[in-house]
Amino acid sequence: MSTNLSKSDSAGNTPADTPPQDAQPAAEGAVTAVDPRLLIREEGFAGYWSEFRRKMRSGELGSLPVVVGLVIIGLVFQLQDSAFLGAENLSNLFVTAAGTGLIAVGIVYVLILGEIDLSVGSVSGLAAAVFAVLNVSNGMPEWLALLLALLSGTLVGALHGFFFARIGVPAFVVTLAGLLGWNGLMLEVLGSNGTINLDDSGLVAGLTNHYFSDIAAGYGLATLSVVAFFTLSFLDARRRVAAGVPSRPLSEIVLRTAAIAVPAYVVAWLFNEYKGLPLAVVIFLGVVVALDFVLRRTPYGRKVFALGGSVEAARRAGINVSAIRISVFALSGTMAALGGMFLASQINAANQSSGAGSLLMNAIAAAVIGGTSLFGGRGKTWSALLGVLVIQSIASGMALLGIASAIQYMITGAVLLAAVVIDSVSRKTQKTAGRA
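About the criteria used
Counting restarts for each chain, with residues numbered from 1 along the sequence as it is written. Under the rules for a predicted model, residues below a pLDDT of 70 receive no local features and side-chain atom pairs below 80 are neither given nor counted, while totals for whole chains, interfaces and linings still include all residues. Side-chain descriptors were evaluated using all non-hydrogen atoms of the structure, hydrogens and water having been removed beforehand. Put simply, DSSP marks the helices as runs of H or I at least four residues long and the strands as runs of E at least two long, and each gets a number from the N terminus on. Working rule for contacts: check all heavy atoms of both residues, and any pair within 4.5 Å makes them a contact. Only the protein chains shown count as covering a residue, and every accessible area follows the Shrake-Rupley method with a 1.4 Å probe. A pocket, in this scheme, is an open set of points on a 1 Å grid over the protein atoms alone with protein on both sides within 12 Å along at least 5 of 7 lines, while a cavity is a set where a 1.4 Å probe fits but cannot get out; residues line either one if an atom lies within 4 Å of a point. Grid points are joined across faces, edges and corners, and a volume is the space filled by probe spheres set on the points. Here the expected length of a helix is defined as 1.5 Å per residue gap, with one fewer gap than residues. Whether a residue is buried, partly exposed or exposed follows from its accessible area with a 1.4 Å probe, protein chains only, as a fraction of its type maximum: under 20%, in between, or over 50%, in that order. Grouping buried Ala, Val, Leu, Ile, Met, Phe, Trp, Tyr and Cys residues that are joined through side-chain atoms within 4.5 Å yields what is termed a nonpolar core. By convention, a stacked pair of Phe, Tyr or Trp rings (six-membered ring in the case of Trp) has centres within 6.5 Å and planes under 30 degrees apart, an edge-to-face pair has planes over 60 apart, and any other such pair is tilted. A score from 0 to 100, pLDDT tells how confident the predictor is in each residue.

J.: Explain the overall build of the protein chain to me, using residue names and the numbers behind them.
T.: Tallying secondary structure elements over the protein chain gives 17 helices and 4 strands in all. Within the protein chain, contacts between residues at least 6 apart in sequence are counted, and of these 78% link residues at least 24 apart. As displayed, the protein chain offers around 21600 Å² of accessible surface, 64% of which is attributable to carbon and sulfur atoms.

Structure representation (structure tokens):
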């Protein structure tokens, strides 16, 4: 009889104080993984502080640096100009950020794969040109022209994904070629005139110019968001309790809901102090929530994260790597086209500068600054929202102060570098703690 039997009880189970023979010793300085829901359930609110300290030691910073950065930016510019946190400026800030933010949402998906899409600026300009030519020059109904413009972005993105996933051309090279090629096609589509003005009372113009003036709209959206957050959190906790796994206590759910409710109602109040709830904000938030659900709550989203973590492991798990890659780049192209419609709406035209300038860098920077990792496998669509608010806040504040755009570029670049440094340090800290 094996000597191992002497270490087991009559049921054949190994006692808790006897580690398995193949167990590996924990790395020196490693932080023991503890489910925060279990910690808080056992320790109460004191568990929040313990969990916060554990996350800081293990490099799990989450969105904290971005939120702190937004607060600092707001305070600095408010002290310089009291109009910065005024209702008009903040409303315009949110509306202006929508176009770039939508493009950044698509970039988040690509970055989670551990890849990059350099073509989104040119694709957004091409989509705007396609819409303008179909609707204005050829008299096609707006809704159909808009649909075809979005589909053009989808097809372009799928083409990039095909060359990357099927042919094996690096995504950097494929999308760099797209940056040049689609910009040239946009110029060809616009023709010698170079500028096509849109109908100022049309569907696309209303994307950034329409406001829901009834105060019930702003407060209603805030209430819907808060109620939905509480309901989903409560139902998730009940499912976990029924399954016998750690769950968030009701006290934590209420606290987290309050943390969402305060800024939601403050922003709704600010909107109502100006023109009302902007349609652009409603669409932007709706897209962020929908794609966040896809990313975190569906098998497709888990496959995207799996590819970002390890392509070979995902392939061995039976995931169709090529299909996922193509679909992600198609999504990125679609979001670039949608963002292009919002950018065209702001100037009410499609011209030769559409999608040019700093748009590409701002979209990528927004995703990275918001917390999406450049190394793949980690990110969320809310990163695009937070990141684009940081970039647009810097731009808005400097515009109020009359600071040259050159300084804005330097500061935005410094913020981007800081975000990447934080991401790199965080990954190293997690590896040291045995959590990466």
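There is more to say after this.
J.: Could you give an account of empty space enclosed by the protein, with specific residues and numbers?
T.: Taken as a whole and assessed by the stated rule, the structure comprises 1 cavity of 30 Å³ or more. Roughly 50 Å³ of volume is contained in the largest cavity. Surrounding the largest cavity, F94, A97, V281, F284, L285, L385 and L389 form its lining. The set of elements that each furnish at least two residues to the lining of the largest cavity consists of α4 (87-112), α11 (279-297) and α16 (382-401). The element best represented in the lining of the largest cavity is α11, accounting for 3 residues.

J.: So what about helix α7 (residues 171-190)? Which residues, and what values?
T.: Its 20 residues give α7 an end-to-end C-alpha distance of 28 Å, which sits within 8% of 28 Å, the value for a rise of 1.5 Å per residue. Within α7, the full set of buried residues consists of A171, V174, T175, G178, W182, M186 and L190. For α7, the elements touching its buried residues are α5 (120-137), α6 (142-167), β1 (195-197), α14 (321-347) and β4 (349-351). Downstream of α7 by one or two residues, G191 has phi in the positive range, about 80°.

J.: Break down the side chain of N89 for me, citing the residues and quoting the values.
T.: The residue N89 is located in helix α4 in this model. Apart from the residues within four sequence positions on either side, N89 is in contact with A83, F84, S396 and L400.

J.: Describe the nonpolar core, and please don't skip the residues or the numbers.
T.: Counting residues in hydrophobic clusters, the biggest one holds 91 residues, and the most contacted among them are F131, F284, M335 and M341. The greatest single-element share of this core, amounting to 16 residues, is contributed by α4. Aside from chain neighbours lying at most four places away, what touches M341 is A127, A128, F131, L146, A149, L150, V204 and L207.

J.: Describe the packing of aromatic side chains, with residues and values.
T.: Within this structure, the stated rule accounts for 6 aromatic pairs. Pairing F77 with F84 gives two aromatic rings, centres 5.3 Å apart and planes at 35°, and the pair type is tilted. Accessibility expressed as a relative area gives 10% for F77, which makes it buried. Ring plane angle 75° and centroid distance 5.8 Å describe the contact between F162 and F163, whose orientation is recorded as edge-to-face. Given a relative accessible area of 37%, F162 falls into the partly exposed group. On the accessibility criterion, F163 (36% relative accessible area) is partly exposed.

J.: Kindly report on the confidence of the model for the protein chain, identifying the contributing residues and their values.
T.: Confidence along the protein chain averages 84 in pLDDT terms, with 83% of residues attaining 70 or more. Averaged pLDDT values for the elements of the protein chain fall to 51 in helix α1 (residues 36-43) and rise to 96 in α6. Across residues 29-33, where pLDDT falls below 50, the model places 6 contacts with residues more than four positions away in sequence or in other chains.

J.: Run through unusual backbone geometry, naming residues and quoting values.
T.: Unusually for a residue other than glycine, N348 sits at a positive phi of about 55°. Considering the arrangement of structural elements, one finds N348 in the loop between α14 and β4. You can call N348 buried: its relative accessible area is 18%.

J.: Could you give an account of the layout of surface pockets, with specific residues and numbers?
T.: If you add up the space inside the second largest pocket, you get close to 530 Å³. As for the second largest pocket, its lining consists of 26 residues, and the residues nearest its centre are T100, L343, Q346, A356 and L359. Counting residues per element, the ones that place at least two in the lining of the second largest pocket are α4, α5, α14, β4, α15 (359-369), α16 and α17 (405-432). Broken down by element, the residue count for the lining of the second largest pocket peaks at 5 residues, all from α14.

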